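If you want the building blocks of each chain, they are given just below.
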Number of protein chains: 2
Amino acid sequence: MSASLNSTPTYENEEGTLDFKLLNAVNDRYGGVVVEVTLAMDSALFASLLRALIARWQHQGKRGVWIKLPIQHVNLVEAAVKEGCWYHHAEPNYLMLVCWIPQGPHTLPANASHRIGIGAFVMNENREVLVVQENIGRFRGTGVWKFPTGVVNEGEDLCAAAVREVKEETAIDTRFIEVLAFRQSHKVFFEKSDIFFLCLLEPLSSEIQKQESEIEAAKWMPFEEYAAQPFVQKHELFKCSVDICLAKKDGNYSGFSPVPTSTAFSDEMNYMYFNTHDLNGHHS
Amino acid sequence: MSASLNSTPTYENEEGTLDFKLLNAVNDRYGGVVVEVTLAMDSALFASLLRALIARWQHQGKRGVWIKLPIQHVNLVEAAVKEGCWYHHAEPNYLMLVCWIPQGPHTLPANASHRIGIGAFVMNENREVLVVQENIGRFRGTGVWKFPTGVVNEGEDLCAAAVREVKEETAIDTRFIEVLAFRQSHKVFFEKSDIFFLCLLEPLSSEIQKQESEIEAAKWMPFEEYAAQPFVQKHELFKCSVDICLAKKDGNYSGFSPVPTSTAFSDEMNYMYFNTHDLNGHHS
């Protein structure tokens, strides 16, 4: 491929012959440029365009250059790397490359480093807790009954994710109350980390219909029976969660409640989670 | 490139002529395979190896196939995609591709979706708070004094990240006390989300030495002066944080404290964060 690059000097030095509109470049608010490739093109042409544009951006004092390559344009990845780009992040359908034009170390934002998970503590008025057995993953075939759990999607509020996962796995409708605790763990998949939020939800319905694909069984189980499982007793993390759930139900435990809050830099509302009970001065 | 692939039938049908050791494939515990490419090779050879191996893995009933391509082997990305792989995630120095061998939807783990940030509330015995002015990013040139903030690295405990960031930005040594609140926000960069933890730290030293590269100025500022800044007053998020900090200092506010906890599936200790004050029954 480098041979073919070297054999296309026409593009390299005669900026006038290149149609820069082929690459849709938009300025960002950090002094950089975002290019999203939407047209199929030959990798030699792409390399020439990119080289000429980078020279121009350097002249203009631009900083970070982002190049979003949809997976159907995978033929352009090698050329982008050869022009000095590296990987920033990737999703199933695209790869984001970056390069940094100024001298010195870059100040580009770090890639996403964590996956966010939730576990839902849902207890009914009979002190029964909503539990499932999974038929995929680590708990498959173990016979362990566990709280419904799941992964928070990109762009999804964790309080919404908890309600969604319970609904998906058991068909139970719930209302989110608060985050009781969270745990951070590392190297969950490859080098990535994970934060798992233990959440309290209030059931709004009672009839269980289990999900077919990932759930082996789902039921309401007396809390004491859940807590007595050897697996739960054996592992500090689960035992500690049981203590927290009991302190919530039978004691005065305060977790963090979601409060919609406007943000400094956009019109969007974001949830802030904090101890509203203590903040409102209800404690002794 | 597809032309050259089609012109190498030798590799395609005669498994015996392929040296599979060229690709270092290791079984994972989910019934899948992880391939880390460490040798430079021609993309046509790589495509042939991969095609033959995928056929073999299909026969063996394997599930997910992970292919880690260091950036120096960028010439192999296109071939992997043509053999049916897609992107899972990327870091500056490598791209992780996956393919799913069984019929039906895949159960591969989701990519990291969130960046984790921390802000450090550090107050000394004179009710002065540690604040900085940044010379990069959104606050550059605004004159706003803010708490030290930073991004939690992959694999780093957030309580350690808070101590590290304060040290890096101001040279102040601190001890982590607790998480006071957190906020989730979305589309922070491209489609990725962010969780920001407001943390209470106790200062262990007092002499400030500001970081050269990212910090314009750093000082101890009377808390009331910090809180009175128009920027802080104007934005709900900052105002709410001020209220929480005051409730902590002058009231009975309980946040979440880190407690090392053993995990179910490994020997590692992870921090679990919860309201230890309430759990220990100190409340009314």
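Counting restarts for each chain: residues are numbered from 1 in the order of the written sequence. As they are written, the chains are lettered A onward and the ligands numbered 1 onward, keeping that order. Restriction of local features to residues with pLDDT of at least 70 applies here, the model being predicted, together with a cutoff of 80 or more for giving and counting side-chain atom pairs; totals for whole chains, interfaces and linings are based on all residues. The basis for every side-chain value is the complete set of non-hydrogen atoms in the structure, without hydrogens or water.

As recorded in an unreviewed UniProt entry, chain A goes by Nudix hydrolase 2 and comes from Hibiscus syriacus. Of the comments in the UniProt record for chain A, the one headed Sequence similarities (unreviewed entry) reads "Belongs to the Nudix hydrolase family." UniProt positions are given in the numbering used here, feature names are shortened, and annotations may be inferred rather than shown by experiment.

Caption draft 1: Layout of the interface of chain A and chain B. Each partner contributes residues to the interface: chain A has 89 residues there, and chain B has 89 residues. Computed with a 1.4 Å rolling probe, the buried area is the accessible surface lost when two parts are put together, summed over both parts. Carbon and sulfur atoms make up 66% of the area that chain A and chain B hide from each other, which totals about 8100 Å². Taken as a group, Tyr87, Arg138 and Phe182 of chain A account for 9% of the area that chain A buries against chain B, more than any other trio of residues on that side. Within this document, salt bridges are pairs made up of a side-chain nitrogen of Lys or Arg and a carboxyl oxygen of Asp or Glu, the two lying within 4 Å of each other. Run the count over chain A and chain B and you get four salt bridges. With its nearest N and O atoms 2.4 Å apart, the salt bridge here joins Lys192 of chain B to Glu91 of chain A. Think of a polar contact as two N or O atoms within 3.5 Å of one another; within protein, one of them needs to be a possible hydrogen donor and the other a possible acceptor, and neighboring residues in sequence only count if both atoms come from side chains. Across the contact surface, chain A and chain B share 31 residue pairs in polar contact (both at pLDDT 80 or more). The element contributing the most residues to the side of chain A that touches chain B is strand S9 (residues 174-189) of chain A, with nine residues. For this scheme, ten residues count as nonpolar: Ala, Val, Leu, Ile, Met, Phe, Trp, Tyr, Cys and Pro. Four count as charged, namely Asp, Glu, Lys and Arg, and the remainder, Gly too, count as polar. Here the side of chain A that touches chain B is composed, by residue class, of 50 nonpolar, 25 polar and 14 charged. We call two strands paired when DSSP finds no fewer than two bridges between them. Working definition: helices are DSSP H or I runs of at least four residues, strands are E runs of at least two. Numbering for both runs from the N terminus. Two strands pair when backbone bridges link them, and S9 of chain A and strand S13 (residues 269-274) of chain B are joined in this way by four bridges, in the antiparallel orientation. From the neighbouring strand, Gln184 of chain A faces S13 of chain B, where its bridge partner is Tyr271 of chain B. By definition, residues are in contact when any of their heavy atoms lie within 4.5 Å.

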